[in-house]
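Overview (structure and organization)
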Amino acid sequence: DKIWPLIANPEAIAVNQAWAGHSGSPFQQSTRGIFVKGIVAPVPTWQYYYKPLGGGKTAILMINSDKTEEELTLAFDDIPGKPCTECAIRDIWDRADVGHFSNSYTVKVGSRDAAFIVVSPASSTSF
């Protein structure tokens with residue numbers, strides 16, 4: 001029952017089903033790795049994935065694989081296709097607009113957790 005709100009989240013499902021010419025891929029990761037039980041090679045302590053959604057919007061998954069909560073910062077210039085520098089952020093998990101940000105967005109991500117957001121030009125509407 002605890003996982004149901006995640007797998008039934010209509011915004012997460014919409015990102016999964018969206019097609020804007022690219023299925024999504026990793027674009028940034030830490031240089032420091034950690035060993036996770038059952039995985040032979042070290043895993044980056046954090047990784048960012050992106051998926052273009054069309055209309056200037058991009059979904060971003062910010063994964064924290066570390067054992068502690070971390071502040072993760074996304075520089076908008078690093079996003080492939082650079083959707084904006086003045087950007088609106090929508091939290092997919094919370095299904096809520098977070099606000100408008102200039103150049104970057106920082107979020108606290110719990111241990112072995114992920115932030116899932118949509119980045120769009122601040123002049124447009126959110127997800």
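Values in this document were obtained by computation on a predicted structure and should not be read as measured data.

1. Examining the environment of N103
Tracing the backbone shows N103 in the loop between β8 (96-102) and β9 (104-109). Residue classification places N103 among the partly exposed residues on the basis of a relative accessible area of 49%. For N103 and D78, which are 25 residues apart along the polypeptide, the C-alpha to C-alpha distance reads 9.8 Å. The contact partners of N103, leaving out residues within four places of it in the chain, are L74, A75, F76 and T85.

2. Here we look at the nonpolar core
Judged by nonpolar contacts, the single largest core of 18 residues is most densely connected at I60, M62, L74, F76, I117 and V119. Elements that contribute at least two residues to this core include exactly β4 (46-54), β5 (57-64), β6 (70-75), β7 (86-91), β9 and β10 (113-121). Ranked by size, the runner-up nonpolar core spans eight residues in total, among them A18, L53, A59 and I92.

3. Quick look at helix α2 (residues 10-17)
Listed in full, the buried residues belonging to α2 are E11, A12 and V15. Buried residues in α2, looked at end-on, bunch into an arc of 100°, giving them a common side. With respect to the buried face of α2, the exposed residues turned more than 90 degrees away are N16 and Q17. Buried positions along α2 lie against α1 (4-7), β4, β5, β7 and β10. Here α2 starts with a cap whose side-chain oxygen sits 2.8 Å from the backbone nitrogen of E11, and that cap is N9.

4. Describing the state of the cysteines
Within this structure, the stated rule accounts for one disulfide. Paired through a disulfide, C84 and C87 show a sulfur-sulfur distance of 1.9 Å. An S-S torsion of about 120° defines the bridge between C84 and C87 as right-handed. Each member of the pair C84 and C87 is classed as buried.

Calculation notes
- Residues numbered from 1 in each chain as written.
- Predicted model: local features only at pLDDT ≥ 70, side-chain atom pairs only at ≥ 80, totals over all residues.
- Heavy atoms only, no water.
- Helix = DSSP H or I, 4+ residues; strand = E, 2+ residues; numbered from the N terminus.
- Buried < 20%, exposed > 50% of the residue type's maximum accessible area, 1.4 Å probe, protein only.
- Contact = heavy atoms within 4.5 Å.
- Core = buried A, V, L, I, M, F, W, Y, C linked by side-chain atoms within 4.5 Å.
- Arc of directions from axis to C-beta.
- Polar contact = N/O pair within 3.5 Å; in protein donor to acceptor, adjacent residues only side chain to side chain.
- Disulfide = S-S within 2.5 Å.

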